[in-house]
Amino acid sequence: ELLAAAAAATAATAPASSLDAAADADGVTESGGLCPGPLCCEAQMRALLSAGCLAMDQVPLLQLDGLNLCHPTAILRHLGRTRGAYGTTPAEAAAIDILSDAITQDWRPIWTLLRGLPADAPEAGHEKYLSRFSRVLRSNALRNGADGGSGFLVGRAFSYVDAQLFQALCRLEENGTIQLEGKWPLLHAYTRRVAAVPGIREYLSSGEQPPWPGRGGSRQLFETMEATMPWLFGKGAPPAHDELSDKWVFKYAS
(Lines give C-alpha, C1' and ligand atoms only; values in the text may rest on other atoms or scores of the structure.)
Protein backbone atom coordinates (compact mmCIF):
# COMPACT_ATOMS: atom_id res chain seq x y z
CA GLU A 1 0.00 0.00 0.00
CA LEU A 2 2.84 2.39 0.83
CA LEU A 3 4.42 1.79 -2.57
CA ALA A 4 1.12 2.35 -4.36
CA ALA A 5 0.55 5.62 -2.53
CA ALA A 6 4.09 6.80 -3.21
CA ALA A 7 3.81 5.84 -6.87
CA ALA A 8 0.56 7.77 -7.13
CA ALA A 9 2.08 10.84 -5.51
CA THR A 10 5.20 10.74 -7.69
CA ALA A 11 3.29 10.13 -10.92
CA ALA A 12 4.56 6.60 -11.42
CA THR A 13 2.42 4.99 -14.06
CA ALA A 14 2.93 1.28 -13.43
CA PRO A 15 1.50 -0.46 -10.35
CA ALA A 16 3.28 -3.08 -8.29
CA SER A 17 3.05 -6.10 -10.51
CA SER A 18 3.39 -9.84 -10.58
CA LEU A 19 3.95 -10.04 -14.33
CA ASP A 20 4.80 -13.51 -15.54
CA ALA A 21 8.28 -13.41 -17.01
CA ALA A 22 10.86 -15.74 -18.54
CA ALA A 23 14.56 -14.90 -18.47
CA ASP A 24 16.50 -14.86 -21.71
CA ALA A 25 20.18 -15.53 -22.18
CA ASP A 26 21.13 -11.87 -21.74
CA GLY A 27 19.61 -11.58 -18.30
CA VAL A 28 16.62 -9.54 -19.44
CA THR A 29 13.10 -10.80 -18.85
CA GLU A 30 10.32 -10.64 -21.38
CA SER A 31 7.22 -9.64 -19.49
CA GLY A 32 4.14 -11.04 -21.12
CA GLY A 33 1.65 -9.46 -18.74
CA LEU A 34 -0.05 -12.80 -18.07
CA CYS A 35 -1.06 -11.78 -14.56
CA PRO A 36 -0.50 -8.04 -14.03
CA GLY A 37 -1.48 -6.52 -10.72
CA PRO A 38 -0.99 -7.62 -7.12
CA LEU A 39 -0.01 -11.21 -6.44
CA CYS A 40 -2.99 -13.40 -5.70
CA CYS A 41 -2.00 -17.04 -6.29
CA GLU A 42 0.82 -19.49 -5.77
CA ALA A 43 1.43 -19.96 -9.49
CA GLN A 44 2.28 -16.28 -9.88
CA MET A 45 4.75 -16.37 -7.00
CA ARG A 46 6.46 -19.50 -8.31
CA ALA A 47 6.69 -17.92 -11.78
CA LEU A 48 8.48 -14.89 -10.35
CA LEU A 49 10.88 -17.10 -8.40
CA SER A 50 11.73 -19.24 -11.42
CA ALA A 51 12.18 -16.17 -13.63
CA GLY A 52 14.74 -14.60 -11.31
CA CYS A 53 12.81 -11.35 -10.93
CA LEU A 54 13.27 -11.23 -7.15
CA ALA A 55 16.76 -10.32 -5.97
CA MET A 56 16.45 -12.20 -2.66
CA ASP A 57 13.45 -14.37 -3.67
CA GLN A 58 11.16 -12.07 -1.69
CA VAL A 59 8.35 -9.68 -2.58
CA PRO A 60 7.46 -6.85 -3.00
CA LEU A 61 8.28 -6.39 -6.65
CA LEU A 62 7.61 -3.29 -8.74
CA GLN A 63 8.23 -3.70 -12.47
CA LEU A 64 8.84 -0.16 -13.67
CA ASP A 65 11.23 1.71 -15.97
CA GLY A 66 12.42 -1.61 -17.37
CA LEU A 67 13.61 -2.78 -13.95
CA ASN A 68 12.58 -5.48 -11.51
CA LEU A 69 12.66 -3.38 -8.36
CA CYS A 70 12.63 -5.21 -5.03
CA HIS A 71 12.55 -4.28 -1.34
CA PRO A 72 10.31 -1.45 -0.11
CA THR A 73 12.86 1.23 0.71
CA ALA A 74 14.86 0.63 -2.47
CA ILE A 75 11.65 0.97 -4.48
CA LEU A 76 10.71 4.17 -2.67
CA ARG A 77 14.14 5.66 -3.30
CA HIS A 78 13.93 4.81 -7.00
CA LEU A 79 10.54 6.51 -7.18
CA GLY A 80 11.95 9.48 -5.29
CA ARG A 81 14.97 9.84 -7.58
CA THR A 82 13.06 9.43 -10.83
CA ARG A 83 9.82 11.21 -9.94
CA GLY A 84 11.12 14.35 -8.22
CA ALA A 85 10.46 13.26 -4.63
CA TYR A 86 14.00 13.16 -3.27
CA GLY A 87 14.60 16.79 -2.32
CA THR A 88 16.21 19.49 -4.43
CA THR A 89 19.78 19.31 -3.09
CA PRO A 90 22.17 16.58 -1.90
CA ALA A 91 21.67 17.88 1.65
CA GLU A 92 17.90 17.44 1.40
CA ALA A 93 18.36 13.95 -0.04
CA ALA A 94 20.59 13.05 2.92
CA ALA A 95 17.99 14.36 5.37
CA ILE A 96 15.28 12.33 3.64
CA ASP A 97 17.39 9.17 3.91
CA ILE A 98 18.09 9.82 7.61
CA LEU A 99 14.39 10.11 8.39
CA SER A 100 13.53 7.10 6.24
CA ASP A 101 16.06 4.95 8.09
CA ALA A 102 14.68 6.20 11.41
CA ILE A 103 11.24 4.88 10.40
CA THR A 104 12.29 1.55 8.89
CA GLN A 105 15.26 0.62 11.08
CA ASP A 106 14.63 2.28 14.45
CA TRP A 107 10.91 2.87 14.97
CA ARG A 108 9.49 0.15 12.67
CA PRO A 109 5.85 1.10 13.40
CA ILE A 110 4.26 -1.26 10.88
CA TRP A 111 6.19 -4.19 12.32
CA THR A 112 4.96 -3.34 15.83
CA LEU A 113 1.40 -3.47 14.47
CA LEU A 114 1.92 -6.84 12.85
CA ARG A 115 3.40 -8.15 16.10
CA GLY A 116 0.38 -6.88 18.01
CA LEU A 117 2.43 -4.85 20.50
CA PRO A 118 0.32 -2.63 22.79
CA ALA A 119 0.70 1.11 22.37
CA ASP A 120 2.46 1.53 25.72
CA ALA A 121 4.96 -1.30 25.17
CA PRO A 122 8.44 0.17 25.68
CA GLU A 123 9.76 -1.57 22.57
CA ALA A 124 7.05 0.04 20.43
CA GLY A 125 8.52 3.51 20.96
CA HIS A 126 5.52 5.36 19.56
CA GLU A 127 5.58 8.30 22.00
CA LYS A 128 9.29 8.80 21.42
CA TYR A 129 9.07 8.88 17.65
CA LEU A 130 5.86 10.90 17.48
CA SER A 131 7.69 13.54 19.51
CA ARG A 132 10.78 13.34 17.31
CA PHE A 133 8.83 13.68 14.06
CA SER A 134 6.84 16.58 15.48
CA ARG A 135 10.19 18.23 16.13
CA VAL A 136 11.30 17.53 12.55
CA LEU A 137 8.15 19.13 11.13
CA ARG A 138 8.53 22.17 13.37
CA SER A 139 12.21 22.59 12.51
CA ASN A 140 11.65 22.25 8.77
CA ALA A 141 8.82 24.77 8.88
CA LEU A 142 11.02 27.29 10.69
CA ARG A 143 13.85 26.80 8.19
CA ASN A 144 11.48 27.48 5.32
CA GLY A 145 9.78 30.47 6.87
CA ALA A 146 6.43 28.75 7.33
CA ASP A 147 4.37 28.41 10.47
CA GLY A 148 4.75 25.27 12.56
CA GLY A 149 1.61 23.64 11.18
CA SER A 150 2.51 23.60 7.50
CA GLY A 151 5.06 21.99 5.22
CA PHE A 152 6.53 18.55 4.80
CA LEU A 153 9.37 16.71 6.51
CA VAL A 154 12.19 18.01 4.32
CA GLY A 155 12.31 21.13 2.18
CA ARG A 156 9.21 22.64 0.65
CA ALA A 157 7.83 19.65 -1.24
CA PHE A 158 6.52 16.12 -0.78
CA SER A 159 9.22 13.43 -0.72
CA TYR A 160 9.20 9.65 -0.44
CA VAL A 161 9.75 9.78 3.33
CA ASP A 162 6.46 11.69 3.62
CA ALA A 163 4.77 8.62 2.11
CA GLN A 164 6.46 6.45 4.74
CA LEU A 165 5.47 8.58 7.72
CA PHE A 166 1.95 9.13 6.38
CA GLN A 167 1.35 5.39 6.07
CA ALA A 168 2.72 4.72 9.54
CA LEU A 169 0.59 7.39 11.19
CA CYS A 170 -2.58 6.35 9.37
CA ARG A 171 -2.14 2.65 10.16
CA LEU A 172 -1.40 3.31 13.84
CA GLU A 173 -4.39 5.61 14.17
CA GLU A 174 -6.77 3.27 12.33
CA ASN A 175 -5.66 0.46 14.60
CA GLY A 176 -6.47 2.57 17.68
CA THR A 177 -2.82 2.54 18.77
CA ILE A 178 -2.44 6.32 18.71
CA GLN A 179 -4.72 9.35 18.50
CA LEU A 180 -3.20 12.34 16.77
CA GLU A 181 -5.95 14.93 17.12
CA GLY A 182 -5.50 16.87 20.33
CA LYS A 183 -2.22 15.42 21.57
CA TRP A 184 -0.18 15.64 18.37
CA PRO A 185 -1.60 18.63 16.45
CA LEU A 186 1.36 19.01 14.08
CA LEU A 187 1.17 15.38 13.02
CA HIS A 188 -2.62 15.50 12.76
CA ALA A 189 -2.41 18.50 10.41
CA TYR A 190 0.41 16.79 8.56
CA THR A 191 -1.65 13.68 7.74
CA ARG A 192 -4.46 15.87 6.40
CA ARG A 193 -1.96 17.76 4.26
CA VAL A 194 -0.37 14.62 2.79
CA ALA A 195 -3.82 13.13 2.14
CA ALA A 196 -4.50 16.15 -0.09
CA VAL A 197 -1.39 15.66 -2.25
CA PRO A 198 -2.45 15.08 -5.88
CA GLY A 199 -2.18 11.39 -6.64
CA ILE A 200 -2.50 10.35 -3.01
CA ARG A 201 -5.86 12.10 -2.77
CA GLU A 202 -7.17 10.15 -5.76
CA TYR A 203 -5.64 6.91 -4.52
CA LEU A 204 -7.27 7.22 -1.10
CA SER A 205 -10.68 7.84 -2.65
CA SER A 206 -10.34 5.05 -5.24
CA GLY A 207 -11.25 2.18 -2.93
CA GLU A 208 -8.34 0.20 -4.36
CA GLN A 209 -6.29 0.03 -1.17
CA PRO A 210 -5.26 -3.50 -0.22
CA PRO A 211 -6.55 -5.06 3.01
CA TRP A 212 -4.63 -4.16 6.12
CA PRO A 213 -4.88 -5.14 9.80
CA GLY A 214 -6.74 -2.43 11.66
CA ARG A 215 -9.08 -1.67 8.78
CA GLY A 216 -11.05 -4.87 8.99
CA GLY A 217 -8.80 -6.49 6.43
CA SER A 218 -6.73 -8.86 8.53
CA ARG A 219 -8.53 -11.97 7.34
CA GLN A 220 -8.36 -11.03 3.67
CA LEU A 221 -4.71 -10.03 3.99
CA PHE A 222 -3.63 -13.34 5.45
CA GLU A 223 -5.87 -15.32 3.11
CA THR A 224 -4.07 -13.67 0.18
CA MET A 225 -0.69 -14.41 1.73
CA GLU A 226 -1.67 -18.03 2.25
CA ALA A 227 -2.93 -18.36 -1.32
CA THR A 228 0.31 -16.87 -2.63
CA MET A 229 2.86 -18.55 -0.35
CA PRO A 230 1.05 -21.51 1.27
CA TRP A 231 4.32 -23.06 2.46
CA LEU A 232 4.64 -20.24 5.02
CA PHE A 233 1.44 -21.57 6.59
CA GLY A 234 2.57 -25.20 6.68
CA LYS A 235 0.73 -26.13 3.50
CA GLY A 236 2.76 -27.74 0.78
CA ALA A 237 6.46 -27.58 0.08
CA PRO A 238 8.34 -24.37 -0.64
CA PRO A 239 9.98 -24.02 -4.04
CA ALA A 240 12.88 -26.45 -4.37
CA HIS A 241 16.35 -25.18 -5.16
CA ASP A 242 16.06 -26.29 -8.79
CA GLU A 243 12.84 -24.27 -9.13
CA LEU A 244 14.69 -21.03 -8.38
CA SER A 245 16.51 -19.09 -11.04
CA ASP A 246 20.29 -19.37 -11.09
CA LYS A 247 20.57 -15.64 -11.82
CA TRP A 248 19.01 -12.36 -10.75
CA VAL A 249 17.30 -10.65 -13.66
CA PHE A 250 17.28 -6.95 -12.84
CA LYS A 251 16.18 -5.64 -16.23
CA TYR A 252 13.21 -6.73 -18.26
CA ALA A 253 11.93 -6.03 -21.77
CA SER A 254 8.39 -4.66 -21.78
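Before reading further, recall that the structure is shown in the block above.
Below: a short report on this structure.

What counts, and where the lines are drawn
- Residues numbered from 1 in each chain as written.
- Predicted model: local features only at pLDDT ≥ 70, side-chain atom pairs only at ≥ 80, totals over all residues.
- Heavy atoms only, no water.
- Helix = DSSP H or I, 4+ residues; strand = E, 2+ residues; numbered from the N terminus.
- Buried < 20%, exposed > 50% of the residue type's maximum accessible area, 1.4 Å probe, protein only.
- Contact = heavy atoms within 4.5 Å.
- Areas by Shrake-Rupley, 256 points an atom, 1.4 Å probe, with all protein chains shown as cover.
- Patch = residues over 30% accessible without salt bridge, like charges linked within 9 Å, V, L, I, M, F, W, Y side chains within 5 Å.
- Salt bridge = Lys/Arg side-chain N within 4 Å of Asp/Glu carboxyl O.
- Phe/Tyr/Trp six-rings, centres within 6.5 Å; stacked < 30°, edge-to-face > 60°.

What follows covers the overall build of the protein. Looking only at helices and strands, the protein has 10 helices and five strands in total. Counting across all 254 residues of the protein, residues that qualify as buried make up 44%. Here the contacts in the protein between residues at least 6 apart in sequence split such that 63% fall between residues at least 24 apart. When the accessible surface of the protein is summed, it comes to about 12,800 Å², and 56% of that surface belongs to carbon and sulfur atoms.

Moving on: a nonpolar patch on the surface. Taken together, the side chains of F222, L232 and F233 define a hydrophobic patch exposed on the protein surface, amounting to about 280 Å² of accessible area. Mapping F222 onto the fold places it in helix 10 (residues 218-228). Its relative accessible area of 37% is what places F222 among the partly exposed residues.

On to the packing of aromatic side chains. Applying the stated criterion to the full structure yields five aromatic pairs. Arranged with centres 6.3 Å apart and planes meeting at 90°, the rings of F152 and F158 form a pair that is edge-to-face. Take F152: its relative accessible area is 13%, and that puts it in the buried class. Among the aromatic residues, those joined into a cluster by ring pairs are W107, Y129 and F133.

So, on to the environment of L180. Looking at where L180 falls in the secondary structure, it is placed in the loop between helix 7 (160-174) and helix 8 (185-195). Placed 10 residues apart in sequence, L180 and C170 show a C-alpha to C-alpha distance of 9.5 Å. Among all residues touching L180, those that are not within four sequence positions of it are L130, L169, E173, P185, L187, H188 and T191.

Assignment of secondary structure puts S159 in the loop between helix 6 (126-143) and helix 7. Beyond its immediate sequence surroundings of up to four residues, S159 is in contact with A85 and I96.

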